[in-house]
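Fold and contact review
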Amino acid sequence: MKFELSINNKIINKGDIRAFGWVNATFTPQQLMQHILNGYAYSQGVIKPDVGTKKPKVSDISHAQLLSVDVDNDIIDPVKKVKRCKTYDEGYLSWDAIMEDPWYHENALLAYTTASHSDKHHKFRIVFLLPEIIYEPSKYKEIVSVFIEKYHGDSQCSNFDRLFFGNTNATYYVFGNQLSISELNNILSIPSDADIQIEKSYAHYNERYSNEKLTESQVADMLSYIPSQMAYEDWGKIVSAIGNYFNESTAVRLIENWSPDTKQGTLYKVRHRSKRPTIASVIYYAAQNGFDKKKLHSRLSISKKGRLVKDDNENVDVDIAEDVDDDVFNENDFFEQANIQRIHRFWFEQSKVKQDKDNPSNDKSDYVLKINKTKMIEYLEDRGYRKHWLDKKTSILVQVTDNIVEMITEERIIDFIKNEIKAFPYRVSQMFNRNDLMEVFLNQINNLGSKQFLRMLSAIEEEFVFDSKNEAYFFFENSVVKITKDNYYLFKYTELNGFIWKEQIIDKPINNIFINLNDNEDDSNDVGQFELFLKKVCSPKTHPEQQRHDRTVDDKRFYSLISAIGYMLHTFKDPTVTKAVILCEEKIAKGDESNGRTGKGLTAKAIGKLRKQVLFNGKNIDFNSPFFYQTVDPDTQIIYFDDVERNFNFEKLFSDLTEGISITQKGQKPVIIPYEKSPKFLISTNAVLSNDSDSHKARKFEIEYSDYFDAEYQPSHEFGNFFFNEGWDKDSKEWDLFYSFMMSCTMVYLNQGLIPYEPMNLSERKLLTKMPEAFIEFADELIESISNKDKIYREKLYEDFTNKNKMYGPSGKNATTQTRTTKWFNDYLTFKNIDFIAGMNSLRDDRRKFWEITKSNSEDVDVNYDDNLGF
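Presented here is an overview of the structure given in this document. (Residues numbered from 1 in each chain as written. Predicted model: local features only at pLDDT ≥ 70, side-chain atom pairs only at ≥ 80, totals over all residues. Heavy atoms only, no water.)

So, the sheet that holds strand E18 (residues 404–408)
Within the open sheet, the four strands sit side by side as E16-E17-E18-E22. Their pairing is mixed. One side of each edge strand has no neighbouring strand; the edge strands of this open sheet are strand E16 (385–389) and strand E22 (500–501). The pairing of E18 with E22 spans two bridges and is parallel. Paired with valine 405 across the two strands is tryptophan 501, which belongs to E22. (Pairing = 2+ DSSP bridges. Helix = DSSP H or I, 4+ residues; strand = E, 2+ residues; numbered from the N terminus.)

Shown next, in the form of structure tokens:
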């Protein structure tokens, strides 16, 4: 059992919650428990690819499947107004009770005590694995809120982005179970004891006042009876009830006048309320504190047509909408106010009895309100809802607005229809109002909201706008930029000849383009921080004592790197160039030394600022999972494997690089993304992908990063600020310089393709993954000492090496064999590009195998590059 989450190994126990270092991870239950026991923080939310490692906000979260409940057993004393430990009568839940209850052993993932836990005051966390991934923050919050209410947990822990501290001293238990759908539904349908009491005792109030609206002044009167300082859970129910009953501004005003929230604000509490409590909760708590419920009993009477006919309580103000008091339904006024065309009206009124044409019945009970499914489809299509075929077998739901296509779910369409009905004028036909229409819709929601029904929407016919062999498109907030080999063009979205995906739009405008197409102009002021950063990472150390600021740029490597960036940004899939770009280290690690922090991740993040990128944690790659690519969408342009390890199985990507990918999501049919529409692959690693067979070489383009930057000296030290959202103001010129430079990289690639260069230490680093450094030094000396056409015998090679390096001899600590030294030497000759002939003596008494060396020096790669594009 594995699941996704985000973690931060820099926050230990109750560390600084602002610490950078958040990354996504895939864990088993045991791995998560060990992570917690290490004291590290975790969050249930999986972070979107372009967020970086800062503490994510709700909007930065892609999805979540974990659910954690903080059981703190705290309560606000209603008399002393201070926090204290609950009593058992108040719902105290002990750690022992959890351990002894078989339900948790069958349904929970794990549980552990938090740092504040003590024998006298139990505090712990229960973690559940939901049966499905949740993508919408509101839905996730709604589910978590029910669990929090059930266990009297911390109500502050319901958001997508909530972080939880680890505990190095935790008592824990790993149950190892995933919650079933049926059990989750059971939990979501179980109200609290107090809610049950309210629903039973006050059901008639809730039924009456769901249609017969109470006024703001009446509810304010009831609130005046309720203590403004009360138990937090009860206060939350009242806030939720008012928020569910009134519009947002009215609800906030009522609560502010009664008992405002002083921490996160009343508006925040209203927006993050529970959806369960009804107005009956307010009546219940008011009655508990002396309010006379008889005040509400005879407020008014309403006719079946929604008309006010009697007010038999003169002491109560009547607040009723004007359109409710209108006995005549005017179709023209309705369609004008509702902003809906007459032909798209999806409901109709039908008589249940035979009517007299001259004297039709005015009794609402003689009529029924129905929904026309064909008109419903037409109405949705008029609002831009369509389907899009991913392949010949699978379609998805989309919404089209001004050539921009957004992927949506059935639930989004249901929400749209509900909101539309709520916004209609009160009366929707002669006999029925919008509440009646909502009821009819909700009664048919299993049908009207089903995939089968919504798949009846028409498919979008136009083609999407894709990069071509000689053009690339970049979609900014305010305009579209087209890049060609020798120029750029700006135009509006309305001028697009085709569709684009909404998530491929860059979330910022571009105001100025700094691409110098004239080699004679001075562009010294048009060099941005990111371009300077890339020049630093292409500045190797040429001698051991050289200081970082004395280094010079390796121009060939720099142009190779910008061509690789241009290749990743150019989404056209050339079948003759099926390569993954691999960002690796120049510095050779010694012993257990681990290099990194050289700028590879920042480069990948920069590419993700212009193209939709999906991030995979390179340390948790499972190519055998049938759902490996489930986070990839049809509009994904780049798949980024971050920080892969030495054992990364690059061959598993061969077919994906050349044939396209298959996406399988749980419960869904596989979707085949063909090669020409599939993402490109970007890989970063501190290790080396050492296999250099012809098939590997054909699929890899490797770039070394110098150690100009490291763990101690980062780009923020060099430039005095962070890059992108963390460091540049929204109006900073750096944004335009950055976007211009990245588009210039694309122009370089369109002109010259991928530009190779001679790596500095890549071959040697690859050798070190295959053989010890001692053998490389031995082989270097051996090749240096022999003459052309000299023979090297395998037995002698092994004997000489082990005599010189005793630790590799038969009795040594790292004892090796002749077979192994033979393989090492074959790899050495291949990597060093040394010509040789493998042979065997033909004499009867001498059948020794040998290498015959032909001395040759490899030539430097001759690269021509055009410095006429503003660099």
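So that's the structure; there's more coming.
Some details on the sheet that holds strand E5 (residues 61–71)
The strand order across the open sheet built from five strands is E4-E5-E9-E8-E11, with neighbouring strands paired in antiparallel fashion. Bordering the open sheet on either side are strand E4 (45–47) and strand E11 (172–174), each of which pairs with just one other strand. When the angles between neighbouring strand axes are averaged without regard to direction, this sheet yields 25°. As judged from the four bridges shared by strand E8 (residues 110–113) and strand E9 (residues 124–134), these two strands associate in the antiparallel manner. Paired with threonine 113 across the two strands is phenylalanine 124, which belongs to E9. (Axes fitted to C-alpha atoms, helices over the stretch in contact; angles between N-to-C directions.)

Describing the pairing of strand E23 (residues 580–585)
A large share of E23 lies buried, amounting to six of its six residues. In E23, alternate side chains face the same way, and those of Ala580, Ile582 and Cys584 on one face and Val581, Leu583 and Glu585 on the other are all buried. Summarising the sheet, E23 and strand E29 (residues 700–705) pair through six bridges and their orientation is parallel. Residue pairing in the sheet places cysteine 584 in a bridge with glutamate 704 of E29. Direction of pairing for E23 relative to strand E28 (residues 680–685): parallel, over a ladder of three bridges. In the sheet register, leucine 583 faces E28, and the bridge partner there is serine 684. (Buried < 20%, exposed > 50% of the residue type's maximum accessible area, 1.4 Å probe, protein only.)

Focus on empty space enclosed by the protein
Counting across every chain of the model gives three cavities of 30 Å³ or more. Of the voids in this model, the second largest cavity is the one considered here, and its volume is about 40 Å³. Taken together, Tyr567, Lys573, Val577, Thr578, Lys579, Asp656, Leu657, Tyr675, Pro679, Lys680 and Phe681 make up the full set of residues lining the second largest cavity. Elements with a contribution of two residues or more to the lining of the second largest cavity: helix H22 (654–659) and E28. Along the lines of polarity and charge, the residues of the lining of the second largest cavity split into six nonpolar, one polar and four charged. (1 Å grid on protein atoms, 1.4 Å probe; cavity = no way out; pocket = protein on both sides within 12 Å on 5 of 7 lines; lining within 4 Å. Points joined across faces, edges and corners; volume = space filled by probe spheres on them. Nonpolar A, V, L, I, M, F, W, Y, C, P; charged D, E, K, R; others polar.)

Remember that the coordinates give geometry; whether it matters functionally is a separate question.
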